[in-house]
There are 2 protein chains.
Amino acid sequence: MNMQSPEGVIESCLYARDLESAQRFYQNVLGLVLLAREPERHCFFRCGQAVVLIFDDRATSKSAGEVGGVRIPPHGARGPGHIAFRVFESQFALWRERLTAAGVPVEAEISWPHGGHSLYVRDPAGNSVELATPAVWGLEEGTPSGHIP
Amino acid sequence: MNMQSPEGVIESCLYARDLESAQRFYQNVLGLVLLAREPERHCFFRCGQAVVLIFDDRATSKSAGEVGGVRIPPHGARGPGHIAFRVFESQFALWRERLTAAGVPVEAEISWPHGGHSLYVRDPAGNSVELATPAVWGLEEGTPSGHIP
């Protein structure tokens, strides 16, 4: 079979009803770059070659808006979702320190039997947010961009 | 500020209670590579330099398991979530044909005013699945790997 799959994931999505707290967490604690913000609807962040979208499900589950006369399909989940961010092995300990310094309790830390490490915290909405090294999925590390948290 | 942000998203997550149907959709229709499967709990897929995790929330919201004596933090959302996959501009029309040929109705197609195109379908669990070209987020295209669907 000559199957083509998508090249990657470009939007990952979580839900939060308190978008200001969510913004503070993703922007100030995790250091993501804010791309857009619409009060009571969403805040969007850039992360590497993709974006992370945080929506208030109360807004997007009814109507997600319209573009050029086309209705954006609604969506909106309730309850804790999950996302994992890719961090360098060499910076894993710094992330642990940074989260603790920011007053974000580490809920779990796992050293996977097949390699790699994960730290788990909660965002203010209760979503399970993981910081994982690429080895968790047998993926290669890129090149650190040089900044240390 | 000398802020370090994560390098990217490594795990994006959706929920589905019928994991067999979800597997067929992500593996056969979208062409993702199956990495792991645990009946009544999850199916995991590779997509580019990241993974897509489909969980049955009934399993993971109670207990997400244990590794080396550490409990994996539980999570599990209900209701339609959202994800977008990155596809090449040059293959956008082929994706539309492929989805239609697979009997997956295109719920919406949007040409964004600032550039880029999106196709929206539903996975069998009702999650909103988008195929988007990088220009939607002002991102650059990579190099097509050569296969045409």
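Given the structure is predicted, the values throughout are model-derived calculations rather than measurements.

### Some thoughts on the relation of the copies chain B and chain A
The operation linking the two copies of the chain is a rotation about an axis combined with a translation along the axis. For the pair chain B and chain A, the superposition axis carries a translation of 0.0 Å, the fit reaches an RMSD of 0.0 Å, and the rotation angle comes to 180°. Overall, the copies show the geometry of a two-fold rotation axis.

### Some thoughts on the layout of surface pockets
By volume, the largest pocket is sized at about 420 Å³. Lining of the largest pocket is provided by 20 residues; of these, Val-9, Gln-49 and Arg-86 of chain A together with Gln-49 and Arg-86 of chain B occupy positions nearest its centre. With 3 residues, strand β1 (residues 8–15) of chain A is the single largest residue contributor to the lining of the largest pocket. Among the residues making up the lining of the largest pocket, the classes are represented as 7 nonpolar, 9 polar and 4 charged.

### Observations concerning the interface of chain B and chain A
Each partner contributes to the interface: chain B provides 74 residues, whereas chain A provides 74 residues. Buried surface at the junction of chain B and chain A, summed over both partners, amounts to about 6000 Å²; 62% is from carbon and sulfur atoms. When the area that chain B buries against chain A is broken down by residue, the three leading residues are Gln-4, Arg-86 and Trp-137 of chain B, summing to 13%. Applying the counting criterion to the chain B and chain A interface returns 0 salt bridges. Seen at the junction of chain B and chain A, the total is 26 residue pairs in polar contact (both at pLDDT 80 or more). With 7 residues, strand β1 (residues 8–15) of chain B is the single largest residue contributor to the side of chain B that touches chain A. Taken together, the residues of the side of chain B that touches chain A sort by class into 41 nonpolar, 22 polar and 11 charged. Relative to β1 of chain B, strand β7 (residues 82–86) of chain A runs antiparallel, the two sharing 4 bridges.

### Observations regarding empty space enclosed by the protein
Scanning all chains against the criterion turns up 2 cavities of 30 Å³ or more. Counted as a void, the largest cavity has a volume near 120 Å³. At the level of elements, β1 of chain A together with β1 of chain B are the ones that each hand at least two residues to the lining of the largest cavity. Its residues assigned to classes, the lining of the largest cavity shows 8 nonpolar, 8 polar and no charged. Lining the second largest cavity are Ser-12, Cys-13, Leu-14, His-82 and Ile-83 of chain A together with Ser-12, Cys-13, His-82 and Ile-83 of chain B. Ranked by the residues each element gives to the lining of the second largest cavity, the list is headed by β1 of chain A, at 3 residues. Here the lining of the second largest cavity is built from residues that sort into 5 nonpolar, 4 polar and no charged.

### Focus: the confidence of the model for chain A
When the pLDDT values of chain A are averaged, the result is 92; 93% of them are 70 or greater. In the predicted complex, the global pTM is 0.94; the interface-specific ipTM is 0.93.

Reading guide: rules and limits
- Residues numbered from 1 in each chain as written.
- Chains lettered and ligands numbered in written order.
- Predicted model: local features only at pLDDT ≥ 70, side-chain atom pairs only at ≥ 80, totals over all residues.
- Heavy atoms only, no water.
- Least-squares fit on C-alpha atoms with pLDDT ≥ 70 in both.
- 1 Å grid on protein atoms, 1.4 Å probe; cavity = no way out; pocket = protein on both sides within 12 Å on 5 of 7 lines; lining within 4 Å.
- Points joined across faces, edges and corners; volume = space filled by probe spheres on them.
- Helix = DSSP H or I, 4+ residues; strand = E, 2+ residues; numbered from the N terminus.
- Nonpolar A, V, L, I, M, F, W, Y, C, P; charged D, E, K, R; others polar.
- Contact = heavy atoms within 4.5 Å.
- Buried area = accessible area lost by both parts, 1.4 Å probe.
- Salt bridge = Lys/Arg side-chain N within 4 Å of Asp/Glu carboxyl O.
- Polar contact = N/O pair within 3.5 Å; in protein donor to acceptor, adjacent residues only side chain to side chain.
- Pairing = 2+ DSSP bridges.
- pLDDT = per-residue confidence, 0-100.

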